[in-house]
Amino acid sequence: MGFVASMGWNTQAFHDSVLGSAATSWMFENRVAHMLANDWTPHSALGIFVKDMVGVQI
């Protein structure tokens with residue numbers, strides 16, 4: 001969704017098209033709705049972010 005937004009594409013239309021395709025997933029369905037609603041509430045354990053970032057080179 002970050003890529004879609006950075007390209008200036010319609011994020012709602014992209015969301016709707018992915019939901020109707022084989023490319024959808026539970027995570028996409030669950031998290032993108034929060035993104036589109038500008039809901040910044042964490043919906044998972046914050047500690048998991050550290051696990052996902054370990055080893056990331058910037």
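The protein goes by 3-hydroxyisobutyrate dehydrogenase-like NAD-binding domain-containing protein in an unreviewed UniProt entry, where it is assigned to Aspergillus granulosus.

S.K.: Help me understand the confidence of the model for the protein, please; the structure alone is not making it clear to me.
M.R.: Parts of the prediction with low pLDDT should not have their coordinates interpreted in detail. With 93% of its residues at a pLDDT of 70 or more, the protein shows a mean pLDDT of 86. Averaged pLDDT values over the elements of the protein bottom out at 72 in helix α4 (residues 47–53) and peak at 95 in helix α2 (residues 11–19).

S.K.: Looking at this model, I keep getting lost on the side chain of H15. Mind explaining?
M.R.: Within the secondary structure, H15 sits in helix α2. In this structure H15 comes out as buried when scored by relative accessible area, which is 8%.

S.K.: Would you explain the packing of aromatic side chains in this entry?
M.R.: Ring pairs (aromatic) are described by centroid distance and by the angle formed between their planes. All told, the structure shown has one aromatic pair when counted by the stated rule. Summarising the aromatic geometry, the rings of F3 and W9 are spaced 5.6 Å apart at their centres and angled 90° between planes, so their arrangement reads as edge-to-face. Residue F3 is classed as exposed on the basis of its relative accessible area of 53%.

S.K.: Would you explain unusual backbone geometry in this entry?
M.R.: As a rule of thumb, non-glycine residues mostly have phi less than zero, and peptide bonds are mostly trans rather than cis. Despite not being glycine, N38 shows a phi value in the positive range, around 55°. With respect to the helices, strands and loops of the structure, N38 is situated in the loop between α3 (26–36) and α4.

S.K.: Even after reading the chapter, I still don't get the packing of α2 against α3, so can you show me in this structure?
M.R.: How two helices pack is summed up by the angle between their axes together with the distance between the axes. Contact pair α2 / α3: the axes reach a minimum separation of 11 Å and the direction vectors enclose 165°. Relative to α3, the element α2 is oriented roughly antiparallel. The element α2 and its partner α3 pack so that their crossing is left-handed. Residues T11, Q12, F14, H15, V18 and L19 of α2 lie in contact with α3, whose contacting residues are F28, E29, V32, A33 and L36. Classifying every residue of the contact of α2 with α3 gives seven nonpolar, three polar and one charged.

Cut-offs and rules
- Residues numbered from 1 in each chain as written.
- Predicted model: local features only at pLDDT ≥ 70, side-chain atom pairs only at ≥ 80, totals over all residues.
- Heavy atoms only, no water.
- pLDDT = per-residue confidence, 0-100.
- Helix = DSSP H or I, 4+ residues; strand = E, 2+ residues; numbered from the N terminus.
- Buried < 20%, exposed > 50% of the residue type's maximum accessible area, 1.4 Å probe, protein only.
- Phe/Tyr/Trp six-rings, centres within 6.5 Å; stacked < 30°, edge-to-face > 60°.
- Axes fitted to C-alpha atoms, helices over the stretch in contact; angles between N-to-C directions.
- Parallel < 35°, antiparallel > 145°, perpendicular 65-115°, else oblique.
- Left-handed = near helix turned anticlockwise from the far one by under 90°.
- Contact = heavy atoms within 4.5 Å.
- Nonpolar A, V, L, I, M, F, W, Y, C, P; charged D, E, K, R; others polar.

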